[in-house]
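# Notes for the structure review
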Amino acid sequence: MLDRDAVIAWLRESDQSRLFELFAWADRVRHESVGDAIHLRGLLEVSSFCVRQCAYCGINATNRTARRFRMDRDEILAAAREAKGYGYGTIVMQGGEDYGIKAEWMADIIRAMKQDVGLAITLSLGERRPDELKLWKEAGADRYLLRFETSDPALYRLIHPALPGGFEDRIQQIRMLQEIGYEAGSGVMVGIPGQSWDSLADDIMLFSTLDLDMIGVGPYIPHPDTPMGAWMLEGRGEVAFPKLPEGEQVPGNAETAFKVIALTRLLCPDSNIPSTTAIATLNREGGRRQGLMCGANVVMPNLTPAKYRECYEIYPNKATLVETAGVCARNLKDSFEQMGRFIGSGAGGRVRH
Ligand code: SAM
């Protein structure tokens, strides 16, 4: 069994033949525990409005260059029908923390979607009140994604200014989602300034303590119009982010994300783990595929209509800006078959062992 020290050693490993062993081990465990199916979740970015000031995110409330949109009911339901047509088992509705998304309005869409296409529904709409989360669950939502981004409390507070009068505790939020009955997903970004190897190991250990159904990991990609991105890219800005001693800062690259996926698979064998868009953005040629070969078993093709997609700029040059949902669906099938894998049927929820 991997303990924290072993996780740290693997995270620091740079020998390519050793890493090859790690990725092959994780791929074997993936095969034994969740099989060879790759589940497709159609990602619909329903709103770019956000009340939060997350220092890394391009749609944060303070970014005046961000273009704001909110999809309407008909557009959302049309996208769900499109997802069903491509054979996806799940639709993921993601957005900024947008209080223009009224609880009853979203509950009505969830009910209509369930009745219309019957797909599994995942929500990722930020921190909402318990009564709203319960309403959406009762309306038919199955899953909820809320990344804790980092398990280091001081770093968390630095990059997530609380709402006025608010107090941040995402771990407690995740536990509440589980109590309500959602399949709960979380995850982290890799390469946040101030994130050390030890802290990243703590993140991975926390995944397993939280008994998560879904775990998403992606590299942090600097957005120039955010406090963290401006500091990273141009060394400017009002907030100074931590600088760690030489060799201690986790790099925000694809290889580190692959290591985290592999270690996560080993510690959480039956969780659903996506090969994320952020990885594909850093490595367009083979990033998504490589993620699937070191432990991941989920892909989230983008279903957002083209006119909105470019407005949902959480980081620049997202891989999914160029691929239409239809082309993506066809290409994925071919590329999975080349890997000896196949598209999963049905909702693709977590099957506990
Ligand atoms: N508002 C919801 C929330 O906060 O959970 C969902 C939307 S939020 C944009 C989805 C995820 O995008 C975040 O959990 C974060 O990990 C990721 N993200 C945001 N900005 C990013 C960046 N610059 N690089 C990589 N990932 C980023």
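Scroll up a little and you will see the structure.
Residues numbered from 1 in each chain as written. Predicted model: local features only at pLDDT ≥ 70, side-chain atom pairs only at ≥ 80, totals over all residues. Heavy atoms only, no water.

### A short note on the site of the ligand
Quick note on the threshold: Being near a molecule or strand, for a residue, means having at least one of its heavy atoms within 4 Å of it. Pairs of N or O atoms within 3.5 Å make up the polar contacts considered here, provided that, within protein, one atom can donate a hydrogen while the other can accept it, and that residues adjacent in sequence are counted only when both atoms are side-chain atoms. We get accessible surface area from the Shrake-Rupley algorithm with a probe of 1.4 Å; when it comes to residues, only the shown protein chains can shield them.
Within the structure, the ligand sits among 19 residues, and Y56, G95, R147, E149 and I221 are positioned closest to it. Y56 is positioned with one of its backbone polar atoms (N or O) 3.1 Å from a nitrogen atom of the ligand. Contact distances for the ligand include 2.8 Å between a nitrogen atom and a backbone N or O atom of I221. A total of 560 Å² of accessible area belongs to the ligand in isolation, and the protein chains cover 93% of it.

### Details of unusual backbone geometry
Heads up, the rule is: Under the scheme used here, helices are H or I runs from DSSP no shorter than 4 residues and strands are E runs no shorter than 2 residues, and both carry numbers assigned from the N terminus. The buried label applies to any residue whose accessible area, calculated with a 1.4 Å probe on protein chains only, is under 20% of its type's maximum; exposed applies above 50%, and partly exposed to all values in between.
Positive phi, close to 65°, is recorded for E149, a residue that is not glycine. Here E149 shows up in the loop between β4 (143-145) and α6 (153-159). Taking the relative accessible area as the measure of exposure, E149 reaches 8% and is therefore buried. Phi is positive for N317, close to 55°, though the residue is something other than glycine. Mapped onto the secondary structure, N317 falls in the loop between α13 (306-309) and α14 (325-338).

### Some points on the pairing of strand β5 (residues 183-190)
Side-chain positions along a regular strand alternate between the two faces of the sheet. Rules: In this description, strands pair whenever DSSP reports at least two bridges between them. For the handedness criterion, the strands are oriented away from the viewer, and a crossover whose path from the first strand over the helix to the second runs clockwise is classed as right-handed.
Counting buried positions along β5 gives eight out of eight residues, so the element sits mostly inside the fold. Of the two faces of β5, the one holding E183, G185, G187 and M189 and the one holding A184, S186, V188 and V190 are both buried throughout. In terms of strand pairing, β4 meets β5 through three bridges, oriented parallel. Counted as the bridge partner of L145 is G185 from β5. Examined bridge by bridge, β5 and strand β6 (residues 214-219) share six bridges and lie parallel to one another. In the sheet register, S186 faces β6, and the bridge partner there is I215. In the classification by handedness, the crossover that spans β5, the intervening helix α8 (residues 197-210) and the parallel β6 is right-handed.

### Remarks on the pattern of salt bridges
For the record, the criterion: Salt bridges are identified by distance alone: a Lys or Arg side-chain nitrogen within 4 Å of an Asp or Glu carboxyl oxygen.
Taken as a whole and assessed by the stated rule, the structure comprises 27 salt bridges. Note that R18 is salt-bridged to E13, the shortest N-O span being 3.9 Å. Since its relative accessible area comes to 19%, E13 is described here as buried. Between D142 and K114 there is a salt bridge, and its shortest N-O distance comes to 2.8 Å. Residue D142 is located in the loop between α5 (130-139) and β4, and its partner K114 is located in helix α4 (residues 103-117); the two are separated by 28 residues in the primary sequence.

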